[in-house]
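# Results of the structural survey
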2 protein chains.
Amino acid sequence: MGVHSSSMRKVSSIIQDMPYQRLDAPTMSMKENISSRWRELHGSNYWENLLEPLDPSLRREIVKYGEFAQAAYDSFDFDTNSKYCGSNYYRKDGLFDKLHLTRHGYKVTKYIYAMSDIIMPRWLETSLADSAWSKESNWMGYVAVSTDDESERLGRRDIVVAWRGTIAPAEWVQNVKVQLTPLGEGNVKVEQGFLSVYTTKGKSSKYNKKSASQQVMKELKNLVSSFKEKGEEVSITITGHSLGGALALLNAHEAAITFTNDVPVSAITFAGPRVGNFAFRDKLDKIGVKVLRVVNKPDIVPKVPGFGLMDAMIHNKLGKLGRSIAQKLHWTYAHVGAELEVDISKSPFVKQEFNLGGFHSLEIYLHLVDGYHSSKSELRKDAKRDIALINKSTGMLIDEMKIPENWRQLSNKGLVYNKYGRWVEPTRVEDDLPSPPSESSDDDESNDSSTEGASQQNQMN
Amino acid sequence: MGVHSSSMRKVSSIIQDMPYQRLDAPTMSMKENISSRWRELHGSNYWENLLEPLDPSLRREIVKYGEFAQAAYDSFDFDTNSKYCGSNYYRKDGLFDKLHLTRHGYKVTKYIYAMSDIIMPRWLETSLADSAWSKESNWMGYVAVSTDDESERLGRRDIVVAWRGTIAPAEWVQNVKVQLTPLGEGNVKVEQGFLSVYTTKGKSSKYNKKSASQQVMKELKNLVSSFKEKGEEVSITITGHSLGGALALLNAHEAAITFTNDVPVSAITFAGPRVGNFAFRDKLDKIGVKVLRVVNKPDIVPKVPGFGLMDAMIHNKLGKLGRSIAQKLHWTYAHVGAELEVDISKSPFVKQEFNLGGFHSLEIYLHLVDGYHSSKSELRKDAKRDIALINKSTGMLIDEMKIPENWRQLSNKGLVYNKYGRWVEPTRVEDDLPSPPSESSDDDESNDSSTEGASQQNQMN
């Protein structure tokens, strides 16, 4: 396998064209103070006039939240041989340090666990080990808060919730169940699988005596009240990729109902599927949730539920019943909020090939947002984000850049050499182990039942 | 994918049966002093009465030399995206520390590089990078010497040469050229591809102004004369796996001619192919080289050259000409020395499946030697070597042990996070870079030409 000098020339010209991709160029612009504009950047005006062309400060904020969502993948133990499979590698106070994200100026305050009483394809990663930390629950995300310094720059105390998604988009999409279920009062309905992950609790798992919904809402209430007591302005920004984007909307719905107008709630999602019906969309709007959906043009996940059927209808392959179902689905599931559509075909760094996994990859989304100027323009020349990240878990970066494919991996698949001279799975130190959410919180059952999101909780066992 | 409780019981019973495979059991027996027996263990009497049953002290020595050969794989940069592809990751004074081999009590004194003027399948790993450290040469092995303490235990100063082999046994075997070429005087002939790797030098590579043969022999002469001057007894033990086993025999041949009866020379090879004709075998014997070949029963590499043809002949698929060639090959290439045949089908830890790569894997060889008692007995119960090593670069360890397949890997495929926030190939520190063998040694050209091995050197350019 040789490398042609013609393609080498191409690379030099790309790099010449994009000087910020030199190996010694910084990956971020100077941070500017956005305290006077934060409400607008947080979506108070539905991001009007900020998306076309994309406001540089907003672009950086979107990338920041996307990196928080990416952190939920990079720290998650997918190895079914590991007895900690389905948990987070790191303890929460070390997460951002391990993932080189301390520069964003946030601190993790809480880990969230989830389980589901509905069979959902490819969301639950379960250890094969007898001594598995949990067979039912998965680490599903975290809550973080901006530091004092960063809050000054941001103009308010920003609370972030980042939800983990699934890997393996193609299989996932084909298997998402298409079944709406009521959420709260009125006509509001959402996809039952997503809601199940968000609201299931069960006695069988000590990590889910409380549902993900209960865990995250309790933390948000504590944080909001403690900062409000100090007279601070507070915002909540909820993010996630893929399934994580769906959970972000359910979480934003519950948070906006809980905090009414006290705290602005935004959701910035990447590659999120449709979550609910028109009534859900209208409800989110009515309660003030601002949603910004980032979508890569050829990614199929944002087209579900309903993708396969719609596709068949377009190609005229359905009978009368099929057409009727497809039309119903199309009108049943509605996308919400504002959309920022990026387009993988514009990047000179990405292989132009058909690759569902690549189209859906969050790192590729972030590369495209970082390079986005407007829907009509090419990738901007001064994009700084490290293009090596494109290959973190894909092989889509052009070969000429000489970055290995799917390079994100642990040394020796996580095995360590112990003092007896054997290669073993490490015993995680006490503080790294997933610890069950405290059970001293039964007193807030009344709070839980006052929120609409929690009223759909399914009891498992 | 679930795990049946029946197979889980099986594992517990294996572990109960083999208590030294508990995770907190030592991986080695106490070292005993072998100073009174070293000549016998080194093969002075052709290992007679030491192989059946296998002498425990000899077993440990074989495993030690095998681990030295394994080190040549574990430290070799196979990544064609790396500009250091084909070199060693580590500097020579850190090699054994990085690979947890300091317990053997040896120190590396020299790295050896090789090139070839004959197209040999799958032996040369070449970087695709423009700035590659070398396009022609590969790191091919090293010389190490026992420390003072260890020499006391061993009864002499032991000099080891370990030669790297190839990965990808199946393709390699099918492509080995079948062509004998003269070596030195008389009727002695060896496979020309192996000899080419051992003896090629060329002006185009600064690492091979001298051939591998010249590099290793110069180091051996320096070491032997320096220890002999101090009045020490010295042995040379040459080891290697696969292609490395072939190089070990060529090297042993040259060393025995060079040092005549002053220094006993042994070769302990693993999975080595046939190297030369009957005259080569007789010559090795005549000059006093002691060869112990370790062979795994179903491994095909020790059956080449000639394997495909022999197989076809056995199945009666050859015409008259083919039969004649096959018979000629069979009688042309001869195995040398004593053989220790291990058998993968005896290990309860190894999957019983057809897997040419697994049959040929050096780590599996070492597992089988460690468990070997006699040709008639099962794997010994008190085998201590870590069974996780079976899966270092195979998937042959039974799943129940819950060790990931092919677990040997670098963190993030060797990429590191630089101070600008980019993931880059690390710049190796000065001392880690392969440094060309010193060129101040033109004065020993006369020595080179006095050795028979060197008389076949091919000049490349």
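By convention here, each chain's residues receive numbers from 1 onward along its written sequence. Starting at A for chains and at 1 for ligands, labels are handed out in the order in which the entities are written. pLDDT decides what is reported in this predicted model: residues at 70 or higher carry local features, side-chain atom pairs at 80 or more are listed and counted, and totals for whole chains, interfaces and linings draw on all residues regardless. Only heavy atoms go into the side-chain values, all of them from the structure, while hydrogens and water stay out.

### Regarding the overall build of chain A
- Elements are defined by DSSP. Helices are runs of H or I of four residues or more, strands are runs of E of two residues or more, and each kind is numbered from the N terminus. Looking only at helices and strands, chain A features 15 helices and 13 strands.
- Only protein chains enter the calculation, and the probe is 1.4 Å; a residue is then buried if its accessible area is under 20% of its type maximum, exposed if over 50%, and partly exposed in between. Considering chain A as a whole, with its 461 residues, one finds that 59% of them fall into the buried category.
- Contact criterion: two residues are considered in contact whenever any of their non-hydrogen atoms come within 4.5 Å of each other. For chain A, the share of sequence-separated contacts (at least 6 apart) that also reach a separation of at least 24 residues comes to 74%.

### Notes on the sheet that holds strand 3 (residues 157-163) of chain A
Residue and element names in this part refer to chain A.
- Should DSSP find at least two bridges between two strands, the strands are taken to pair. Across the sheet, seven strands lie side by side as 1-2-3-7-8-9-10; this open sheet has mixed pairing. Among the strands making up the open sheet, the edge pair consists of strand 1 (106-114) and strand 10 (338-342). Taken over all neighbouring pairs, the strand axes of this sheet differ in orientation by 15 degrees on average, direction set aside.
- Where strand 9 (residues 290-296) lies against strand 10, five bridges are found, and the strand directions are parallel. Across the sheet, Arg-293 pairs through a bridge with Glu-339, a residue of strand 10. Fitted lines through C-alpha atoms give the axes, limited to the stretch in contact for helices. The angle between two N-to-C directions lies from 0 to 180 degrees.

### Topic: the relation of the copies chain A and chain B
- When the copies are superposed, the least-squares fit takes in the C-alpha atoms of residues with a pLDDT of at least 70 in both. Under the fitted operation, chain A is carried onto chain B by 0.0 Å of movement along the axis and a turn of 180 degrees, and the coordinates agree to an RMSD of 0.0 Å. Taken together, the turn and the small shift mark the pair as related by a two-fold rotation axis. No C-alpha of chain A lies nearer the rotation axis than that of Ser-411 of chain A, which sits 1.9 Å from it.
- An overlap of 100% is found between the interface residues of chain A and their copies at the interface of chain B, pointing to a shared contact surface.

### As for unusual backbone geometry
- The linkage connecting Glu-52 of chain A with the following residue, Pro-53 of chain A, adopts the cis geometry, with an omega of 0 degrees.
- Backbone geometry at Trp-47 of chain B places phi at a positive 55 degrees, although glycine is not the residue there.
- The residue Trp-47 of chain B is located in the loop between helix 2 (38-41) and helix 3 (56-74) in this model.
- The phi angle at Asn-49 of chain B is positive, at roughly 65 degrees, despite the residue not being glycine.
- Along the chain, Asn-49 of chain B turns up in the loop between helix 2 and helix 3.

### Considering the environment of Leu-243 of chain A
- Note that Leu-243 of chain A resides in helix 9 (residues 243-259).
- It is 32 Å that separates the C-alpha atoms of Leu-243 of chain A and Asp-382 of chain A, two residues lying 139 residues apart in sequence.

### Topic: the side chain of Asn-208 of chain A
Residue and element names in this part refer to chain A.
- Within the element layout of this structure, Asn-208 appears in the loop between strand 6 (201-202) and helix 8 (212-229).
- Definition of a polar contact: a pair of N or O atoms within 3.5 Å, with one able to donate and the other able to accept a hydrogen when the atoms are protein atoms, and with sequence-neighbouring residues admitted only if both atoms are side-chain atoms. One polar contact links the side chain of Asn-208 to the main-chain carbonyl oxygen of Lys-210, over a distance of 3.0 Å.
- Once you skip the residues sitting within four places of it in the chain, Asn-208 turns out to touch Tyr-113, Ala-114, Met-115, Ser-137, Thr-200, Lys-201, Gly-202 and Gln-215.

### Looking at the interface of chain A and chain B
- On the chain B side, the residues contacting the 44 residues of chain A number 44 residues.
- Accessible area, probed at 1.4 Å, shrinks when two parts are joined; the buried area is that loss added up over both. Buried area between chain A and chain B, both sides added, is near 3,800 Å², and the carbon and sulfur share of it is 56%.
- A pair is scored as a salt bridge if a Lys or Arg side-chain nitrogen falls within 4 Å of a carboxyl oxygen belonging to Asp or Glu. Remark: the boundary between chain A and chain B carries two salt bridges.
- A salt bridge links Arg-422 of chain B to Asp-386 of chain A; the shortest N-O distance between them is 3.9 Å.
- In the side of chain A that touches chain B, the residues fall into 21 nonpolar, 10 polar and 13 charged. Put simply, Ala, Val, Leu, Ile, Met, Phe, Trp, Tyr, Cys and Pro go in the nonpolar bin, Asp, Glu, Lys and Arg in the charged bin, and everything else, Gly too, in the polar bin.

### Some details on the environment of His-367 of chain B
Residue and element names in this part refer to chain B.
- Structurally, His-367 can be placed in helix 14 (residues 362-371).
- Residue His-367 is classed as buried on the basis of its relative accessible area, which comes to 6%.
- When the C-alpha atoms of His-367 and Leu-389 are compared, they prove to be 8.1 Å apart, with 22 residues separating the residues in sequence.
- Ignoring any residue separated from it by four or fewer positions in sequence, one finds His-367 in contact with Ser-347, Phe-349, Val-350, Leu-379, Arg-385, Ile-387 and Ile-390.

### Quick look at the packing of aromatic side chains
All names here are of chain A.
- In this scheme Phe, Tyr and Trp rings, the latter by its six-membered ring, pair at centre separations within 6.5 Å, and the angle between planes marks the pair as stacked below 30 degrees, edge-to-face above 60, and tilted otherwise. Taken as a whole and judged by the stated rule, the model has 28 aromatic pairs over all chains.
- Centre to centre, the rings of Phe-96 and Tyr-142 are 5.7 Å apart; their planes meet at 75 degrees, and the pair counts as edge-to-face. Here Phe-96 is found in helix 4 (residues 95-98), whereas its partner Tyr-142 is found in strand 2 (residues 138-146), with 46 residues between them in sequence. For the pair shown, Phe-96 and Tyr-142 are each scored as buried.
- For the pair Trp-163 and Tyr-198, a centre-to-centre distance of 5.8 Å together with 65 degrees between the ring planes defines the contact as edge-to-face. Pair noted here: Trp-163 is in strand 3 and Tyr-198 is in helix 7 (residues 192-199), with a separation of 35 residues, a long-range link. Each member of the pair, Trp-163 together with Tyr-198, is buried.
- Among the aromatic residues, those joined into a cluster by ring pairs are Tyr-65, Phe-68, Phe-76, Phe-78, Phe-96, Tyr-106, Tyr-111, Trp-139 and Tyr-142.
- Any Lys NZ or Arg CZ found within 6 Å of a ring centre and within 35 degrees of that ring's normal is scored as a charge over the ring. Sitting above the plane of the Tyr-46 ring, Lys-290 keeps its charged end 5.1 Å from the centroid.

### Some points on the packing of helix 8 (residues 212-229) of chain B against helix 9 (residues 243-259) of chain B
All names here are of chain B.
- One can describe the packing of helix 8 onto helix 9 by two numbers: an axis separation of 11 Å at closest approach and a directional angle of 40 degrees. On the basis of the axis angle, helix 8 is oblique to helix 9. Judged by the twist between their axes, the crossing of helix 8 over helix 9 is right-handed. In this structure, helix 8 uses Ser-213, Val-216, Met-217, Leu-220, Lys-221 and Val-224 to contact helix 9, whose residues at the interface are Asn-251, Glu-254, Ala-255, Thr-258 and Phe-259.
- Across the contact of helix 8 with helix 9, the residue classes break down as six nonpolar, three polar and two charged. For classification, angles of less than 35 degrees are called roughly parallel, those exceeding 145 degrees roughly antiparallel, those between 65 and 115 degrees roughly perpendicular, and all remaining angles oblique. If you view the pair so one helix is near and one far, a crossing is left-handed when the near helix is turned anticlockwise from the far one by less than a right angle, and right-handed when it is turned clockwise.

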